[in-house]
Structures are given as structure tokens and as C-alpha cells.
Amino acid sequence: METAINNRYDFIYLFDVQDGNPNGDPDAGNLPRVDPETGEGLVSDVCLKRKVRNFVQIVKGGERPYDIFIKEKAVLNNLITEAHKQEGVKDIKEKGDKTEAARQWMCRNFYDIRTLGAVLSTGENAGQVRGPIQFTFARSISPIVTAEHSITRMAVATEDEAKKQSGDNRTMGRKFTVPYGLYKANGFISAHLAVQTGFNEEDLNLFWDSLKNMFDHDHSAARGMMNARKLIVFKHSTALGNASAHSLFSLVKVQLKDDQRPPRSFDDYIVTIDKDKLPEGVEVLDMI
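In this numbering scheme, every chain counts its residues from 1 along its sequence in written order. In keeping with the model being predicted, local features are shown solely for residues with a pLDDT of at least 70 and side-chain atom pairs are shown and tallied solely at 80 or more, while totals for entire chains, interfaces and linings include all residues. Side-chain measures here rest on the full set of heavy atoms in the structure, leaving out hydrogens and waters.

A. Spatial organisation of the packing of helix α1 (residues 45–60) against helix α7 (residues 201–213). Axis separation between α1 and α7 bottoms out at 9 Å; the angle between their running directions is 110 degrees. Judged by the angle between their axes, α1 and α7 are roughly perpendicular. Note that α1 runs across α7; the crossing there is right-handed. In contact with Val52, Phe55, Val56, Val59 and Lys60 of α1, α7 contributes Glu202, Leu206, Phe207, Asp209, Ser210, Leu211 and Asn213. Grouping the amino acids of the contact of α1 with α7 by side-chain chemistry returns seven nonpolar, two polar and three charged. Axes here refer to lines fitted to C-alpha atoms; in helices the fit is confined to the stretch in contact. Angles between the N-to-C directions go from 0 to 180 degrees. Under the scheme used here, helices are H or I runs from DSSP no shorter than 4 residues and strands are E runs no shorter than 2 residues, and both carry numbers assigned from the N terminus. Angles below 35 degrees are treated as roughly parallel, those above 145 as roughly antiparallel, those between 65 and 115 as roughly perpendicular, and all remaining angles as oblique. Each crossing gets its handedness from the near helix: less than a right angle anticlockwise from the far helix is left-handed, clockwise is right-handed. In what follows, residue pairs with any heavy atoms lying within 4.5 Å of each other are defined as contacts. Note that Gly is not counted as nonpolar here; it falls among the polar residues with everything else outside the nonpolar set of Ala, Val, Leu, Ile, Met, Phe, Trp, Tyr, Cys and Pro and the charged set of Asp, Glu, Lys and Arg.

Shown next as C-alpha cells:
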């Protein structure tokens with residue numbers, strides 16, 4: 001496997017949704033997540049990481065070393081036990097050394113572990129992994145409005161339901177969408193943590209590809225139309241970094257062209273990067 005990356009990265013990721021629910025809140029009847037004080041929409045980091053995992057699983061077909069640890073119906077403890085059965089792990093007597101050997105095997109074989117981290121102590125202990133890539137929650141640039149729609153269920157599941165439903169006596173449901181929302185997430189990539197997990201340049205390129213393309217493989221009626229719009233990457237010339245993340249993020253402005261009307265497309269916004277104020281030792285990459 002290639003050597004780990006030796007540059008720190010910070011990035012801004014812009015994506016939008018039209019007539020869909022980008023991330024339902026199970027504590028609020030699956031309504032789109034929202035900041036109750038500002039009305040700005042939210043999408044959790046967990047939601048974004050799930051889409052990255054799904055994309056990698058599709059592209060790499062679940063083959064190691066690009067297998068996905070946290071996936072649907074995966075029995076996690078079985079995978080951890082598999083690590084403890086490997087040559088070079090099972091014969092280690094000292095408990096701490098065995099845990100570390102199992103952790104390293106998991107990092108080598110599972111893309112999402114060496115990229116995003118994982119807790120591997122739920123069964124036979126393989127420790128914990130802090131991934132080099134972390135996201136914030138995504139927050140919409142403008143406040144969102146949740147649209148509520150009534151839907152009618154025409155089909156029935158049982159004979160009894162068929163007898164009860166006739167004419168206007170149909171089972172009704174509700175569907176919630178955001179007419180339009182442009183969301184911004186901030187991300188961070190640590191070269192120090194990449195060394196610990198073995199996250200390398202090939203892994204990094206696969207991650208960038210996932211951010212660019214993951215919505216194209218995640219379409220559903222519930223999510224409406226979602227698209228990646230901007231991926232602005234700040235590449236530091238050193239592993240520790242040459243400037244603070246917040247100072248770099250402040251160089252990017254996302255503004256409405258006309259704040260007197262509600263936004264309904266990405267064309268209603270303008271995105272600017274103040275490259276004249278870019279600190280020495282930092283390169284900006286406009287990847288979308």
C-alpha cells in the first residue's frame with residue numbers, strides 16, 4: 001500500500017436539494033433537520049459519511065482493501081473476530097499488542113475505518129480508530145421552508161384493508177420536502193492521523209471522487225434532486241498546516257444574487273474565493 005499523505009487539507013463542500021428531504025430528523029417525524037432559531041437547514045455528518053461509504057462500496061465492489069466496515073446488515077463483531085484470527089494476530093500473547101495488531105489489520109482492509117474511523121471494541125477488542133477525515137454538520141446558506149404534502153395509498157396489504165377502503169376512504173400519508181436548499185459542510189483531513197491509519201493518496205483521490213459523484217448513485221423520490229455544486233480544497237504545504245481552518249474558510253463567500261426573493265436554484269447564488277488573501281504555503285483547489 002502507498003505511504004500515507006503528508007499534507008493537511010481543509011475543504012468546503014457545497015451541495016443542494018430541490019423538492020426533497022436531504023436528511024430527515026427521526027425525533028421530529030422525519031421532517032427535514034432544521035435549526036429552530038434561524039430556520040437554516042441541517043444535514044448531519046453521519047448522513048454525508050453514509051453516502052461516501054455507499055459510493056466506495058459501489059465503485060470497489062466491497063473488495064479489500066476497500067471493503068466497508070459499517071454497511072447494511074454487517075455483523076460488526078464478526079468482522080472484528082476475523083481480524084483476531086489472522087496470521088500475525090492470533091498468536092500474539094500480550095493483550096495490548098494483539099489489540100493493536102487487530103486494529104492495524106482492520107485499517108488495512110476497510111476503507112471507511114482508515115478514512116473516517118470506527119469503534120472496534122464492541123466484541124473482541126481491536127481498539128478505536130480516529131479517522132483522518134472529519135465533517136461538520138452541513139448548514140444551509142439561507143433559511144429553508146418545509147413543504148408538507150398529502151399522499152394517497154392506492155394499494156392495500158390485506159383483504160381486510162381492501163374491504164375497508166373504497167371511494168374516498170383511502171389511507172392518507174404525509175411527505176415533507178424542501179423546495180430548495182443550498183448546504184455547506186466544512187471538512188478537515190489530518191496528515192498526522194493518516195499516518196496512524198495508513199490513509200494514502202489513492203484513498204484521498206477516491207474520497208474526492210465520492211464527494212463529486214455520490215449523489216448520482218443515491219437518487220430516491222424522498223431525496224428529490226440532490227447535486228454536488230462546489231468542492232473547494234485548501235492544501236497545506238506541511239503536515240501540520242500553514243494557517244487556521246477558520247481563516248481559510250472565511251475566504252469563501254456564498255451570497256444570494258437577489259435577497260428579495262427566495263432561492264430556487266444554485267444559479268441564485270454567487271460563490272467567490274478571495275485568493276489574494278491566501279496565506280503563504282496554502283494552495284486552493286477548486287475541484288468542482
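B. Structural context of the side chain of threonine 197. By the element assignment, threonine 197 lies in helix α6 (residues 191–197). With relative accessibility at 6%, the residue threonine 197 sits in the buried group. Any pair of nitrogen or oxygen atoms within 3.5 Å is treated as a polar contact; in protein, a donor-acceptor pairing is required on top of that, and neighbouring residues in sequence qualify only through side-chain atoms on both sides. Of the polar contacts made by the side chain of threonine 197, one reaches the backbone nitrogen of phenylalanine 199; its length is 3.4 Å. Setting aside its immediate chain neighbours within four residues, threonine 197 contacts Cys107, Arg114, Val129, Arg130 and Pro132. The buried label goes to any residue with under 20% of its type's maximum accessible area, the exposed label to any with over 50%, and the partly exposed label to all in between, with areas taken from a 1.4 Å probe on protein chains only.

C. Spatial organisation of the pattern of salt bridges. Here a salt bridge means any side-chain nitrogen of Lys or Arg lying within 4 Å of a carboxyl oxygen belonging to Asp or Glu. Tallying each qualifying case throughout the model produces 18 salt bridges. For the salt bridge of lysine 71 with aspartate 67, the shortest nitrogen-to-oxygen distance reads 3.0 Å. The exposure class assigned to aspartate 67 is buried, which follows from its relative accessible area of 6%. A salt bridge links lysine 90 to glutamate 87, with the shortest nitrogen-to-oxygen separation between them at 3.1 Å.

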